[in-house]
Amino acid sequence: MTRIAVLLSVVLLLAAASCGDGDGDQPAPTSTLPAAQPTATVEGVEPTATAATTPFVGSREPVEKPVGDITDTPHLVDVRTGMHEGFERIVFEFDAADPGFRVEYIEEAITCGSGEVLDVDGSAILQVRISPAAAHDDAGAPTFPQQDLRPSFASILEAIQTCDFEGVVTW
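Now for a description of the structure that goes with this document. Treat the numbers as computed from the prediction; the structure is a model and nothing was measured.

### Description of the overall build of the chain
Right, on to step 1. For the chain, the count of helices and strands is one helix and 13 strands.
Right, on to step 2. Going from the N terminus to the C terminus, the chain shows its helices and strands as α-β-β-β-β-β-β-β-β-β-β-β-β-β.
Right, on to step 3. When burial is assessed residue by residue, the chain has 36% of its 171 residues classed as buried.
Right, on to step 4. Put simply, 66% of the contacts in the chain that link residues at least 6 apart link residues at least 24 apart.
Right, on to step 5. Surface accessibility of the chain: about 9500 Å² in total, with carbon and sulfur atoms responsible for 50%.

What follows is the structure, given as structure tokens:
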């Protein structure tokens with residue numbers, strides 16, 4: 001698994017834990033999570049460990065990592081979800097490390113080509129924008145064929161790829 005896959009799963013875990021009820025007027029919820037052990041580090045992003053007795057206080061602010069040193073565009077090779085005791089995760093795996101990313105809550109999921117608003121299950125939409133990246137090969141064939149996942153977990157109900165264009169992959 002590349003470093004970006006590990007990092008994004010951690011970022012999404014933290015963001016999902018702070019999503020609240022989606023109305024934007026409530027403070028981020030406080031909950032107790034099991035102790036987390038850092039599994040990998042990414043340059044410029046500090047890993048954190050949460051003690052079982054420390055309440056998690058999240059934020060709805062965007063989380064961003066600048067692009068690392070890249071010579072070739074990373075290609076999406078796998079997207080998977082997992083349910084664990086105390087948290088759920090989604091992992092975006094690439095064949096090369098260090099694309100930049102931005103994770104943030106948005107009002108509507110919009111496809112990048114048509115501008116079409118997509119109906120997404122759930123009360124909050126967390127967008128993951130990865131760049132530079134591609135989810136297709138040089139012939140235009142998808143490098144990961146499934147573009148709509150429906151794990152129907154408590155926090156992650158659905159994940160839809162909304163963009164794969166000009167070096168940007170968005171879910």
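### A closer look at the sheet that holds strand E12 (residues 163–165)
Right, on to step 1. If you walk across this open sheet you meet the five strands as E3-E6-E9-E13-E12, and the pairing is antiparallel. Each end of this open sheet is capped by a strand with a single partner; those strands are strand E3 (63–65) and E12. For this sheet, the mean angle separating the axes of adjacent strands, direction not counted, is 15°.

### Re the environment of leucine 157
Right, on to step 1. In this structure, leucine 157 sits in the loop between strand E10 (148–149) and strand E11 (159–160).
Right, on to step 2. Each C-alpha atom of the pair leucine 157 and glycine 122 lies 6.3 Å from the other, and the pair is 35 residues apart in sequence.
Right, on to step 3. Once you skip the residues sitting within four places of it in the chain, leucine 157 turns out to touch Asp121, Gly122, Leu149, Arg150, Pro151 and Ser152.

### Some details on the pairing of strand E6 (residues 100–106)
Right, on to step 1. Across three bridges, the pairing between E3 and E6 is antiparallel. Residue pairing for E6: valine 63 is matched across the bridge by valine 103.
Right, on to step 2. Bridging between E6 and strand E9 (residues 125–131) involves seven bridges; their strand directions are antiparallel. When the sheet's bridge partners are listed, glutamate 104 is paired in E9 with glutamine 127.

### Describing the side chain of glutamate 158
Right, on to step 1. Among the secondary structure elements, glutamate 158 is positioned in the loop between E10 and E11.
Right, on to step 2. Within polar-contact distance, the side chain of glutamate 158 engages the backbone nitrogen of aspartate 121 at 2.9 Å.
Right, on to step 3. Within the structure, glutamate 158 has its side chain in polar contact with the side chain of arginine 150 (distance 2.7 Å).
Right, on to step 4. Residues within four places of glutamate 158 in sequence aside, it is in contact with Asp119, Val120, Asp121, Asp148, Leu149, Arg150 and Pro151.

### Considerations on the state of the cysteines
Right, on to step 1. For the structure on display, the rule yields one disulfide.
Right, on to step 2. The disulfide bridge from cysteine 112 ends at cysteine 163, spanning 2.3 Å between sulfur atoms. Disulfide cysteine 112 to cysteine 163: torsion about the S-S bond roughly 85°, handedness right-handed. Here the residue cysteine 112 occupies a position in the loop between strand E7 (109–110) and strand E8 (117–118), and cysteine 163 occupies one in strand E12, the gap between them amounting to 51 residues.

### Remarks on the pattern of salt bridges
Right, on to step 1. Under the criterion given, the structure shown has seven salt bridges.
Right, on to step 2. Arginine 150 is the salt-bridge partner of aspartate 121, the closest N and O atoms lying 3.1 Å from each other. Placement of the pair is aspartate 121 in the loop between E8 and E9 and arginine 150 in the loop between E10 and E11, with a sequence separation of 29 residues.
Right, on to step 3. Arginine 150 serves as the salt-bridge partner of glutamate 158, at 2.7 Å between the closest nitrogen and oxygen.
Right, on to step 4. Overall, the relative accessible area of 10% leaves glutamate 158 in the buried class.
Right, on to step 5. One continuous salt-bridge network, built from bridges that share partners, spans Asp121, Asp148, Arg150 and Glu158.

The rules we used
- Residues numbered from 1 in each chain as written.
- Predicted model: local features only at pLDDT ≥ 70, side-chain atom pairs only at ≥ 80, totals over all residues.
- Heavy atoms only, no water.
- Helix = DSSP H or I, 4+ residues; strand = E, 2+ residues; numbered from the N terminus.
- Buried < 20%, exposed > 50% of the residue type's maximum accessible area, 1.4 Å probe, protein only.
- Contact = heavy atoms within 4.5 Å.
- Areas by Shrake-Rupley, 256 points an atom, 1.4 Å probe, with all protein chains shown as cover.
- Pairing = 2+ DSSP bridges.
- Axes fitted to C-alpha atoms, helices over the stretch in contact; angles between N-to-C directions.
- Polar contact = N/O pair within 3.5 Å; in protein donor to acceptor, adjacent residues only side chain to side chain.
- Disulfide = S-S within 2.5 Å.
- Salt bridge = Lys/Arg side-chain N within 4 Å of Asp/Glu carboxyl O.

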